[in-house]
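Letter by letter, the chains look like this.
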Amino acid sequence: MAVPWLQTVDLGAELRAAGDWLRRPGLVRRLPGALRAHLAAAPASVAYAFTLFVTWWTLRGVGESVEHRLILSASTNLRNMQRDPVQVLVASAFWIEGGFPWLVIAEFLVVMAAAERWLGTGRWIALFATGHIGASLLVVTAIDRALDRDLIPVRVATAADVGTSYGFTAVLAALAFRFRGWVRVVWVVVVLGALVVAIVIEPTFTDYGHFCAALIGLLVGTAATLFWRRIERHRAVRS
């Protein structure tokens, strides 16, 4: 049985193969088929991107006041988490504030789709959900403790906090385990370094949540890799 956590690739070889593919004749003819194959192998990422578009479109048609209420009702803030944590944790992952989410949809169709193709749909969903839920719980717990000590304004308990970024960050960090050698180290350093810079420049609870989500992704990747390596060694000994 193929285990994705043990299926590492050499980034240099992958880039050379991609370059060779692009230089082959008939690129325009081959490109649509390659895109279809890429998206067909990542149904959860495609469905998620489509759902985000639908919820964004819904918000555009309800008016600013209703939009604000919908976002607040789905936010993983302290008040909502105390009243209905399960519903809020699920709903918050499917709403996005602001203008058309071009970047978010592109991230899902490219980066998350690549991660899903590597991990498989079930593992990808589990990892994404673990990052989203885990980071949300850590952030809301920190807010609760800070409010008890009068370290932050009370309004933080009802602030809007929705989006896909915690789950995305966890998967992005775990993608380091797709590569071998120095590329894995550089991947981890760049991801964590960017998140630390955001915390240092202008820290918010969301920034800390992103850092927690990245650590969750790395912990999951480390645990899964070590577990399956041990299983492989055990199988080798038995054979």
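Being a predicted model, the structure only gives us computed values, none of them experimental.

**Examining the overall build of the protein chain**
Logical step 1: A count of helices and strands for the protein chain gives 11 helices and 0 strands.
Logical step 2: What you see in the protein chain, going N to C, is helices and strands ordered as α-α-α-α-α-α-α-α-α-α-α.
Logical step 3: Projected onto its principal axes, the C-alpha coordinates of the protein chain cover approximately 55 × 45 × 35 Å.
Logical step 4: Counting over 239 residues, the protein chain shows a buried share of 38%.
Logical step 5: Of the roughly 13,700 Å² that the protein chain leaves accessible, carbon and sulfur atoms contribute 67%.

**Let's talk about the packing of helix α8 (residues 121–148) against helix α11 (residues 205–238)**
Logical step 1: Closest axis-to-axis distance for the α8/α11 pair is 8 Å, and the angle between their directions is 135 degrees. Between α8 and α11, the crossing angle belongs to the class labelled oblique. As for how α8 packs across α11, the hand of that crossing is right-handed. When α8 is examined against α11, the residues L127, T130, G131, G134, A135, L138, V139, A142, I143 and A146 are found in contact with a partner set consisting of F205, G209, C212, A213, I216, G217 and V220.
Logical step 2: Its residues placed into classes, the contact of α8 with α11 shows 12 nonpolar, 5 polar and no charged.

**Re the UniProt feature "transmembrane region" (unreviewed entry) in the protein chain**
Logical step 1: The residues that UniProt annotates with the feature "transmembrane region" (unreviewed entry) are residues 39–59, 88–112, 124–143, 155–175, 182–202 and 208–228.
Logical step 2: For the annotated span residues 39–59, helix accounts for 90% and strand for 0% of the residues, and the straight-line distance between the end C-alpha atoms is 26 Å.
Logical step 3: In residues 88–112, the share of helix is 64% and the share of strand is 0%. The end C-alpha atoms are 23 Å apart.

**Comments concerning the pattern of salt bridges**
Side-chain pairs of opposite charge can arise whenever the charged atoms involved come near each other.
Logical step 1: Per the stated rule, a full pass over the model turns up 4 salt bridges.
Logical step 2: Among the ionic pairs, D20 bridges to R23, the shortest N-O distance being 2.5 Å. Residue D20 and its partner R23 are located together in helix α1 (residues 11–23), separated by 3 residues, close to a single helical turn.
Logical step 3: Take R23: its relative accessible area is 62%, and that puts it in the exposed class.

**Re the nonpolar core**
Logical step 1: W5, Y48, F108, M112, W124, F128 and V171 are the most contacted members of the largest nonpolar core, which has 31 residues in total.
Logical step 2: Listed by contribution, the elements that provide at least two residues to this core are α3 (43–60), α7 (102–119), α8, α9 (165–174), α10 (182–201) and α11.
Logical step 3: Per element, the largest residue contribution to this core is 7 residues, and it comes from α7.
Logical step 4: Grouped together as the second largest cluster of nonpolar side chains are 16 residues, M81, V139, V140 and I143 included.

**Focus on the environment of C212**
Logical step 1: With respect to the helices, strands and loops of the structure, C212 is situated in helix α11.
Logical step 2: Spatially, the C-alpha atoms of C212 and A74 are 21 Å apart, while their sequence positions differ by 138 residues.
Logical step 3: Setting aside its immediate chain neighbours within four residues, C212 contacts A135 and L138.

**Thoughts on α10**
An α-helical segment advances 3.6 residues per turn. Residues three or four places apart therefore align on the same side.
Logical step 1: For α10, built from 20 residues, the straight-helix expectation of 28 Å at 1.5 Å per residue is met to within 8% by its first-to-last C-alpha distance of 28 Å.
Logical step 2: Inspection of α10 places V183, R184, V191, L192, L195 and I199 among the buried residues, and these make up the whole buried set. For α10, the angular spread of the buried residues around the axis is 155 degrees, confining them to a single face. Across α10 from its buried face, at more than 90 degrees, point the exposed residues W182, V185, V189, V190, V200 and I201.
Logical step 3: Buried residues along α10 sit in contact with α1, α9 and α11.

Definitions and limits used
- Residues numbered from 1 in each chain as written.
- Predicted model: local features only at pLDDT ≥ 70, side-chain atom pairs only at ≥ 80, totals over all residues.
- Heavy atoms only, no water.
- Helix = DSSP H or I, 4+ residues; strand = E, 2+ residues; numbered from the N terminus.
- Buried < 20%, exposed > 50% of the residue type's maximum accessible area, 1.4 Å probe, protein only.
- Areas by Shrake-Rupley, 256 points an atom, 1.4 Å probe, with all protein chains shown as cover.
- Axes fitted to C-alpha atoms, helices over the stretch in contact; angles between N-to-C directions.
- Parallel < 35°, antiparallel > 145°, perpendicular 65-115°, else oblique.
- Left-handed = near helix turned anticlockwise from the far one by under 90°.
- Contact = heavy atoms within 4.5 Å.
- Nonpolar A, V, L, I, M, F, W, Y, C, P; charged D, E, K, R; others polar.
- UniProt positions renumbered as here; feature names shortened; annotations may be inferred.
- Salt bridge = Lys/Arg side-chain N within 4 Å of Asp/Glu carboxyl O.
- Core = buried A, V, L, I, M, F, W, Y, C linked by side-chain atoms within 4.5 Å.
- Expected span 1.5 Å × (residues − 1).
- Arc of directions from axis to C-beta.

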